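These are the residues of each chain, in order.
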Amino acid sequence: MSFWVMFRLLTYREGKKMSKQQQHWEKTRTLLFITLAIWFVFSIGIFFFGAEMEASSIRPLGYPLSYYMTCQGSLGIFVILIFWFANRQEKIDEEFGYTEREDD
Amino acid sequence: MFKGKFIDNLPKIYGTYTGGFIVFIILMAIAEQAGMSAKLIGIFFVAFTVLIYALIGYLSRTMQTDAYYVAGRQVPTVFNGMATAADWMSGASFVAMAGGIYFKGYGYMALLVGWTGGYVLVASLLAPYLRKFGCYTVPDFIGTRYGGNLARLSAVIVLTVASFTYVTAQINATGTIASVALDIPFEIAVYVGLASILMCSMLGGMRAVTWTQVAQYIVLIIAYLLPVFWISNKMGAGVFPHFMLADEVARIAELEAQFGLGEIKNSAADLKQVPKGLAGITKAHAEVNTTPWKFISLAVCMMAGTASLPHVMMRYFTTPSVKAARRSVGWSLFFIFLLYSSAPMLATLSKLSLMDPNLATGIIGKSISEVQAIDWYQNWNQANLMFVSDFNGNGTLELNEFFMGGKAVVLATPEIAGLPYVISGLVAAGGMAAAMSTADGLVLAISNALSHDIYYKMINPKAETAKRLIVARVLLVLIGFAGATIAALEIQGILGSVIWAFDFAMSGLFFPLVLGVWWKRANAQGAVAGMLGGLIAGSAYLIAVRSGYPGFWGVTQLTFGIVGSLVSLVLMVVVSLMTKAPDAATQRMVDEVRIPSGKAILGKQH
């Protein structure tokens, strides 16, 4: 996840002044923005270029790209995106000791 | 056979159930070979599955509030995913969506993107936080976060408008299927559907609905995928249709050109003969046939609507933890993906089997009298879902002379493609499961909001548990009947009403919910203004467009949520900033919600 590392470097701030809770929320928000950015690209962004996708020579499994993205491509990316998001958020919660106890 | 607690045995129980259902399908197939009539097979399929759901509903009966409202908060991640998928995929997804794609092509595939993309918003913006909150209903969150009965009441109003619009469409769908499968008039079938819905939810509330929804998901996914794979293999289109239909998609485009799609227009007088609700193929199958904005605006409305519909959100209140709620959203979408990625494939196979003259099933280009003599044509023509007419008088059926109801794409395709009737019976059972599971979730969402938020929190806070749960059940029955009565009137098609429901929910609830977690400064006055203002603005726009107003920004009656939610956002921000900031206790509460660990804001029993 080199993209993730780059983003963390770019958004790195002096964290010591903030309380644990603020830091946790800061990281959670960063994760939200990244998730929403990816979501935006595949739910809205690419569909501004429906005609261009259709004419494109990239044809996954032989389907026109526009058709493929609406049928499977974007949908599959959303599934992966949610699991990825859940994993990252769990790591953040763990880092700050906010993981729930099993008996909660 | 099953030792230990019910929850620990879930995989075994549902594994046995799935096996049993497959055995049932095989038995029916044998019975068909032995000469059992098609009608009897249909009745068996629908009756058998509905009885199983009713049995699960009965076994899950409860008199505890946390079991009734949130299934005791112990539903495991994957099973909650299945239940949510059933809750989510309604008659619109199962029966109508493939039809919408069949007729409108790429333009309607925005629904696929919208109805899945919304889950990213659910997972990242709302579900885990609302789970941490520990509420029973969505208005419970609004009422506690913003404080005051007015906010709670406004949320209940939006919830009721959106969910009620939605539920009439689902009861309509159960009615349609019951009337075709059981061969009874629609007006009666609607109440048969309603009775089945109530049997599942009345005794056990959310607990019963959860376990029936899992069972319904299993039936509906088998019923959707089996025909898609079977038809694809039978046609020689590919063993795994999802990855192998590119040639078929290209072939449809070729045939469209050959048959002069879009060149020959039917005259108004000709179209008058076509029964109401049926449509011809007028749009290209896979071509980009709509403006980007039309596609995107529809997708945006469906996504924001997904994140605001209370019957979906409330499913994530039932998981054991915040972490489980988050993961459960992923599983929900995975189970939904299985069906949604198959819908365009079904539309493709269905269209090709009717259009391609090289296939035995193709009817375009055959003589009209020949088509009118086909068994399945006569059946579906009688059900008012299919129609042909020789407009140009040449004796041959042209592409523009064939009309079909949207529902028929899913319900009739197995029969058209020459599959045994047992598959049609299975599809009917699947459609019934899809519509029932969503109707159950919706009726429960409305009656829970009314019983918990209006009756218990506002009218009679001292009511005992038993009394609260009786009130909840009485409301459930009343709402079901009101829904069935309106469904029997058939005001709007299934797909149309469902899309409206998303727009209503988005207009009134999206920003009040999201900002409740993500903007501490949001206060009660702002939230009330946002909810009511958004709902009123959205509804006003819908009414205006319906009565002839051309609208602006290309916003149609299917996307009026854009207007509603923008008004809601602006009002909420402006009014919040003009009035006093929320008190320190509320701000602390929001901080608490943002941390997964620790106690829920609202107690286990409240």
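Everything that follows concerns the structure shown earlier in this document.
S.K.: Looking at this model, I keep getting lost on the overall build of chain A. Mind explaining?
M.R.: Summing up its helical and strand segments, chain A has 4 helices and 0 strands in all. Listing every helix and strand of chain A by position from the N terminus yields α-α-α-α. Counting the 104 residues in chain A, one finds 32% classified as buried. Put simply, 51% of the contacts in chain A that link residues at least 6 apart link residues at least 24 apart.

S.K.: I tried to follow the overall build of chain B on my own but got confused; where do I start?
M.R.: Counting its regular elements, chain B contains 26 helices and 3 strands. For chain B, whose C-alpha radius of gyration is 24 Å, the value lies close to the compact-globule estimate of 25 Å for 606 residues. For chain B, the spread of C-alpha atoms along the three principal axes comes to 80 × 60 × 40 Å. Considering chain B as a whole, with its 606 residues, one finds that 59% of them fall into the buried category. Put simply, of all contacts in chain B between residues at least 6 apart along the chain, 83% involve residues at least 24 apart.

S.K.: Explanation requested: the sheet that holds strand β3 (residues 402–405) of chain B in the structure shown.
M.R.: Within a beta sheet, neighbouring strands are joined by backbone hydrogen bonds and run either parallel or antiparallel to one another. If you walk across this open sheet you meet the 3 strands as β1-β3-β2 (chain B), and the pairing is antiparallel. Strands at the two margins of the open sheet, each flanked by one partner only, are β1 (278–279) and β2 (386–388) of chain B.

S.K.: Sorry if this is basic, but what is going on with the environment of B:Gln64 here?
M.R.: Position of B:Gln64 relative to the elements: it lies in the loop between α2 (38–59) and α3 (65–70). For the pair formed by B:Gln64 and B:Gly107, sequence separation is 43 residues and the distance between their alpha carbons is 47 Å.

S.K.: Sorry, what's going on with the environment of B:Val329 here?
M.R.: With respect to the helices, strands and loops of the structure, B:Val329 is situated in helix α16 (residues 322–340). In contact with B:Val329, not counting residues within four places along its chain, are A:Ile82, B:Tyr119, B:Val122, B:Ala123, B:Ala127 and B:Tyr316.

S.K.: So what exactly am I meant to see when it comes to the packing of helix α14 (residues 292–306) of chain B against helix α23 (residues 494–518) of chain B here?
M.R.: Packed helices, taken two at a time, are described by the angle between their axes plus the distance between the axes. Residue and element names in this part refer to chain B. The contact between α14 and α23 brings their axes to 8 Å, and the two run at 60°. For the element pair α14 / α23, the angle class is oblique. By crossing handedness, the relation of α14 to α23 is classed as left-handed. Contacts between α14 and α23 involve Cys301, Met302, Ala304 and Gly305 from the former and Phe502, Asp503, Ala505, Met506 and Phe510 from the latter. Classifying every residue of the contact of α14 with α23 by side-chain character gives 7 nonpolar, 1 polar and 1 charged.

What counts, and at which threshold
- Residues numbered from 1 in each chain as written.
- Chains lettered and ligands numbered in written order.
- Predicted model: local features only at pLDDT ≥ 70, side-chain atom pairs only at ≥ 80, totals over all residues.
- Helix = DSSP H or I, 4+ residues; strand = E, 2+ residues; numbered from the N terminus.
- Buried ≥ 20, exposed ≤ 12 C-beta atoms within 10 Å, placed from the backbone.
- Contact = placed C-beta atoms within 7 Å.
- Rg over C-alpha atoms; globule rule 2.2 N^0.38 Å.
- Pairing = 2+ DSSP bridges.
- Axes fitted to C-alpha atoms, helices over the stretch in contact; angles between N-to-C directions.
- Parallel < 35°, antiparallel > 145°, perpendicular 65-115°, else oblique.
- Left-handed = near helix turned anticlockwise from the far one by under 90°.
- Nonpolar A, V, L, I, M, F, W, Y, C, P; charged D, E, K, R; others polar.

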